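Single-letter residue listing:
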Amino acid sequence: MFGTYQSCDVTILLKDITGLVEPMGTREREAKIQSGTHYSEMLPVEYEPSSAYLAAYQDALDRYAGMTAEAVACVAEKIWRDKGRDVVLVSLARAGTPIGILIQWYLKFRYGTAVEHYTISIIRGRGIDHAAMSYILGRHRPEQLQFVDGWTGKGAIQQELRQAAAQYPGVDGGLAVLSDPGCLAGKWGTRDDFLIASSCLNATVSGLLSRTFYRSDIIAPGEFHGAAFYSQWREQDQTYAFLNTVADRFPDTRPRQEEERTFSQSAAEEVSSICAHFGLQDRNLVKPGIGEATRVLLRRMPWMILVRSLHDAEHLGHLYQLAKEKGARLVEYPLEHYRACGLIQALADN
């Protein structure tokens, strides 16, 4: 184990690559990504939050801890009905890890059952960590596994996961997420594009771990995908403050399941219309959803941030603050599935 997660909460199936990879600045990394280097072969220099942004994060956590707890309860109940007490949670590092812990805690809170929880890497365009899957399937039956993440954007990871799961007979490739505005996950807490406060920060709300890394000169065949441990940020670690704040709001009664919503177009069609409207040839430059828009501002080169409303500080206050700090333009746009959408700057156009 490395990082600041407790071993009773999660088994981390990642290789410690601390000190082996020099993080890159945002512009250099973005240029390499857009020229063909895979994002998993680099680590970003992580954003150090300003006091104003931390205040916006704390406000978001206080405001949405109850909704987050309700979504945890809703998706956990679906998992319980489908898998029962033998379920094995497999969260997708790193955003899925705190969500997996919250689902684990809820099942203990509601049913008194301590379920196993692993966190592993899956990388768009590179696939799932097969060494980690072999480790888990050497200890558990395929039908026990339930993959967990925080939210869906346009479904790239869900698609990657379904393709990966097809290689493992009996493994269900459907994700369980808290927020599924794109209507893409197998199990979901809500279809609402609401703010999960853990998306506002990087390592400091994820056990001080980096995003996952895969490059053949660092990760040998048969080894787990990698992550770095930012131990120098221990005093800034918000991981368990986030987890405990949400867990304190778990509902006393079983939550009422949300009714299905109807949309005039699919999430994929909405992304296509955004690409057409803004003349974007590469769909990877479009990152729909509050969580994805936040990531664009934290670690990519934002071109503009589309928001359903420029006067929705209740849901988007942290985005307004971060866009101001990053110099990203906020544009009101009639989003349907999502409250926000990040557009990444195409550097070749500069």
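Coordinates for the structure precede this section.
On a predicted model such as this, the values are computed, not experimentally measured, just so you know.

(A) Molecular detail of helix 6 (residues 239-247). Within helix 6, the full set of buried residues consists of Thr-239, Tyr-240, Phe-242, Leu-243, Val-246 and Ala-247. Looking down the long axis of helix 6, one finds its buried residues gathered within 155 degrees of arc, a one-sided arrangement. Those residues of helix 6 that are buried are in contact with helix 2 (51-83) and helix 3 (96-111).

(B) Geometry of the pairing of strand 4 (residues 116-120). Taken across its five residues, strand 4 has four buried, putting it largely inside the fold. Of the pairings in the sheet, the one linking strand 1 (residues 11-12) to strand 4 comprises two bridges and is parallel in character. Following the sheet pairing, Ile-12 is matched in strand 4 by Thr-119. For strand 3 (residues 88-92) and strand 4, the ladder comprises five bridges, and the chain directions are parallel. Its bridge partner lying in strand 4, Leu-89 is registered against His-117. Remark: the strand 3/helix 3/strand 4 crossover connection has right-handed handedness.

(C) Focus on the packing of aromatic side chains. Under the defined criterion, the tally for this structure stands at 11 aromatic pairs. Considering the side-chain rings of Tyr-106 and Phe-250, the 5.4 Å spacing of their centres and the 90 degrees angle between planes classify their relative orientation as edge-to-face. With Tyr-106 in helix 3 and Phe-250 in the loop between helix 6 and helix 7 (267-278), the pair connects residues that are 144 residues apart, well separated along the chain. A single burial state applies to Tyr-106 and to Phe-250, both of which are buried. Ring centres 5.6 Å apart and planes at 45 degrees place the aromatic pair Phe-278 and Tyr-333 in the tilted group. On the criterion of sequence distance, the pair formed by Phe-278 in helix 7 and Tyr-333 in the loop between strand 13 (329-332) and strand 14 (340-344) is long-range, its members being 55 residues apart. Of the aromatic side chains, those joined through ring pairs into one cluster are Tyr-106, Phe-109 and Phe-250. The ring of Trp-188 has Lys-78 lying over it, and the distance from NZ or CZ to the ring centre is 3.4 Å. Taking NZ or CZ as reference, Arg-139 lies 3.5 Å from the ring centre of Tyr-135, over its face.

What counts, and where the lines are drawn
Positions within a chain are numbered from 1, following the residues in the order the chain's sequence is written. It should be noted that, the model being predicted, local features are given only for residues of pLDDT at least 70 and side-chain atom pairs only at 80 or more, the latter also being counted only at that level, while totals for whole chains, interfaces and linings use all residues. The basis for the side-chain values is all heavy atoms of the structure; hydrogens and waters are excluded. When a residue's accessible area, from a 1.4 Å probe over protein chains only, is under 20% of the maximum for its type it is buried; when over 50% it is exposed; and in between it is partly exposed. Numbering of helices and strands runs from the N terminus; a helix is a DSSP stretch of H or I covering at least four residues, while a strand is a stretch of E covering at least two. Throughout, the arc means the angular range of directions from the helix axis out to the C-beta atoms. By the convention used here, residues are in contact when the closest approach between their heavy atoms is within 4.5 Å. DSSP-based pairing: two strands are paired if at least 2 bridges between them are found. Crossover handedness is defined by viewing with both strands directed away from the observer: a clockwise path from the first strand over the helix to the second marks the crossover as right-handed. Pairing of aromatic rings covers Phe, Tyr and Trp, the last through its six-membered ring, and needs centres within 6.5 Å; plane angles under 30 degrees mean stacked, over 60 mean edge-to-face, and all others mean tilted. Definition used: whenever NZ (Lys) or CZ (Arg) falls within 6 Å of the ring centre and also within 35 degrees of the ring normal, the charge is taken to sit over that ring.

Everything listed here is a matter of coordinates, which is why it stays silent on function.
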